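# Structural features, examined
Residues per chain are reported as follows:
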Amino acid sequence: MTQVVATNETILVVGGGISGMTAALEAAETGKQVVLVEKRPYLGGRVSQLYKYFPKLCFPTCGLEINQRRMKMNPNLAVLTMAEVTDIKGEKGNYKASVKLSPRYVNDNCTGCGDCAKVVEAEFDDEYNYGLSKRKGAYLPYLMAHPQRYVLDPRIIGTEDAEKAKAACKYGAIDLEMQEETVELPCGAVIWATGWRPYDAAKIQPYGYDRIKNVITSVELERMADPMGPTGGKLLRPSDHKEAKKVAFIQCAGSRDHNHLLHCSRICCMASLKQATYVTDAFGDEADVSVYYIDIRAIDRFEDFYEKVKANPRVKLIKSKPASVVENKASGSPVIHGVDTEGYHRYADEHDLVVLAIGMEPSVDADSFPVPIVVNREGFIEPAPENGGIFAAGGASDALDVNRAVQHATGAALRAIQVVNRVAGMEG
Ligand SMILES: Cc1cc2nc3c(=O)[nH]c(=O)nc-3n(C[C@H](O)[C@H](O)[C@H](O)COP(=O)(O)OP(=O)(O)OC[C@H]3O[C@@H](n4cnc5c(N)ncnc54)[C@H](O)[C@@H]3O)c2cc1C
Ligand code: SF4
Ligand code: SF4
């Protein structure tokens with residue numbers, strides 16, 4: 001049975017992406033007791049799936065590692081992975097949360113040696129790589145995953161593979177009897193940091209994501225560019241694995257659109273400019289990048305990065321919202337059709353690969369929150385008094401880049417600290 005010490009002076013943080021990690025650390029480092037609940041088997045959220053960060057083009061793993069080190073050193077912080085909050089009762093300063101823990105089937109003895117994965121045969125789509133590759137039924141989600149503990153996919157439990165994995169483990173780390181459990185946690189305030197999910201590209205029918213192999217999304221390109229990713233860092237066409245040198249980005253794919261997401265997702269102009277550099281870095285003078293945009297939103301200090309990418313002769317910026325993408329059946333290449341709104345010329349441009357700069361939507365639907373919560377038109381959590389002691393952090397509050405998500409999460413930590421301080425004051 002999992003034991004977690006908590007009282008109504010505890011702050012519960014839901015979601016262990018960069019925002020949840022930040023909020024949890026900021027609160028724990030002021031001496032507050034914090035429980036961080038993450039539904040995946042590891043921390044880091046979607047940032048861990050990015051190859052590089054704009055505008056500095058540094059690696060996200062660096063910042064994540066610093067946070068992980070801070071977490072390990074902090075005795076005030078308890079982390080529960082594979083955990084979800086199913087219910088919250090009570091009021092500001094006095095909540096009780098029900099947290100469902102899914103079995104990992106691997107205990108703390110795991111050394112990460114990988115022997116179990118070697119003997120397991122079953123393979124499944126690797127969600128970390130957005131299904132671009134397969135992973136074993138016993139797996140470490142990714143090389144730098146925190147905690148560094150393997151996971152057994154529940155689909156192999158009861159099969160010969162599970163027994164083989166257990167037999168291969170020299171450290172007694174595999175426990176096939178682990179069961180789902182629910183723990184009840186008292187807490188005074190809750191920080192909701194469940195982040196975002198990529199908009200379902202298949203819903204944007206004219207762009208053919210569900211029909212044309214060489215139309216992919218921006219989140220998939222991040223995984224492809226990563227040397228630890230499904231293609232070993234090579235930019236390849238999914239249809240024939242040829243190098244993708246002529247790459248087009250379609251901006252506002254699913255954002256700023258009455259049929260899809262109404263809001264501007266804020267980061268996707270910058271993400272595509274960053275990804276343009278993945279192509280130019282990989283292919284130099286042979287690279288041919290086109291960015292189809294309505295307007296480029298490069299706010300504040302991002303303007304310099306925009307100007308730098310724009311100055312590269314290998315990158316063309318075309319002011320146009322493409323009408324459709326069709327496949328050249330002979331070559332498998334996607335052809336973008338539309339009208340250039342600066343010259344009003346019709347175009348039909350063929351590319352090796354088309355990348356949809358997909359929008360960000362809240363990862364939790366308003367209807368599936370465990371408590372009534374005020375959300376805005378787009379489904380992001382509003383800072384409303386009706387939410388009591390529940391505060392959104394980062395991507396759960398809006399489509400934000402990492403810098404802004406971290407700042408927002410720090411603010412949420414302060415709000416939560418104020419609530420539990422009042423509880424402590426009343427009890428003291
Ligand atoms: C293509 C692309 C490229 C990008 N590149 C950059 C970049 O270069 N620089 C930059 O600054 N920003 C970039 N961003 C934006 C960046 O990804 C976000 O700013 C960041 O992910 C926000 O972090 P977060 O913690 O708020 O959300 P997330 O990263 O979504 O983390 C949320 C966490 O909550 C967990 N969770 C969800 N629901 C539950 C639940 N019910 N219970 C428990 N846990 C839950 C999730 O598993 C996840 O771990 C990019 C975005 C896209 C789409
Ligand atoms: S579960 Fe056992 S075999 Fe698998 S990685 Fe951990 S220690 Fe190694
Ligand atoms: S950031 Fe750019 S691509 Fe993304 S929705 Fe806004 S304008 Fe469109």
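In this report, we go over the structure that sits alongside the text. Just so it is clear, the model here is predicted, and its values are computed rather than measured.

Scanning the protein chain from N- to C-terminus turns up 8 helices and 22 strands. Against the globule reference of 22 Å for 428 residues, the protein chain gives a C-alpha radius of gyration of 23 Å, in line with a compact fold. Overall, the C-alpha framework of the protein chain stretches about 70 × 55 × 35 Å when taken along its three principal axes. Intrachain contacts of the protein chain at a sequence separation of at least 6 include 68% that bridge at least 24 residues. Separation of charge centres in the protein chain, based on 50 positive and 56 negative side chains, amounts to 3 Å.

The subject of this paragraph is helix H2 (residues 60–73). Compared with the 20 Å implied by 1.5 Å per residue over 14 residues, the 21 Å span of H2 between its first and last C-alpha is a close match. Among the residues of H2, Pro60, Leu64, Asn67, Gln68 and Met71 are the ones counted as buried. Taken around the axis of H2, the buried residues stretch over an arc of 105°, which confines them to a single face. Exposed side of H2, more than 90 degrees from the buried face: Arg69 and Met73 are the residues found there. Buried residues along H2 sit against helix H1 (18–28), strand S2 (34–37) and strand S3 (77–80).

Among the structural elements, Asp257 can be located in the loop between strand S14 (246–253) and helix H6 (268–283). For the buried Asp257, which has no salt bridge, the nearest side chain bearing the opposite charge is Lys321, at an N-O separation of 4.1 Å. A polar side-chain atom of Asp257 sits 2.8 Å from the main-chain amide nitrogen of Asn259. When sequence neighbours within four positions are dropped, the list of residues in contact with Asp257 reads Leu262 and Lys321.

Basis of the calculations
Residues numbered from 1 in each chain as written. Chains lettered and ligands numbered in written order. Predicted model: local features only at pLDDT ≥ 70, side-chain atom pairs only at ≥ 80, totals over all residues. Heavy atoms only, no water. Helix = DSSP H or I, 4+ residues; strand = E, 2+ residues; numbered from the N terminus. Rg over C-alpha atoms; globule rule 2.2 N^0.38 Å. Contact = heavy atoms within 4.5 Å. Lys, Arg positive; Asp, Glu negative; His and termini not counted. Charge placed at Lys NZ, Arg CZ, Asp CG, Glu CD. Expected span 1.5 Å × (residues − 1). Buried < 20%, exposed > 50% of the residue type's maximum accessible area, 1.4 Å probe, protein only. Arc of directions from axis to C-beta. Salt bridge = Lys/Arg side-chain N within 4 Å of Asp/Glu carboxyl O. Polar contact = N/O pair within 3.5 Å; in protein donor to acceptor, adjacent residues only side chain to side chain.

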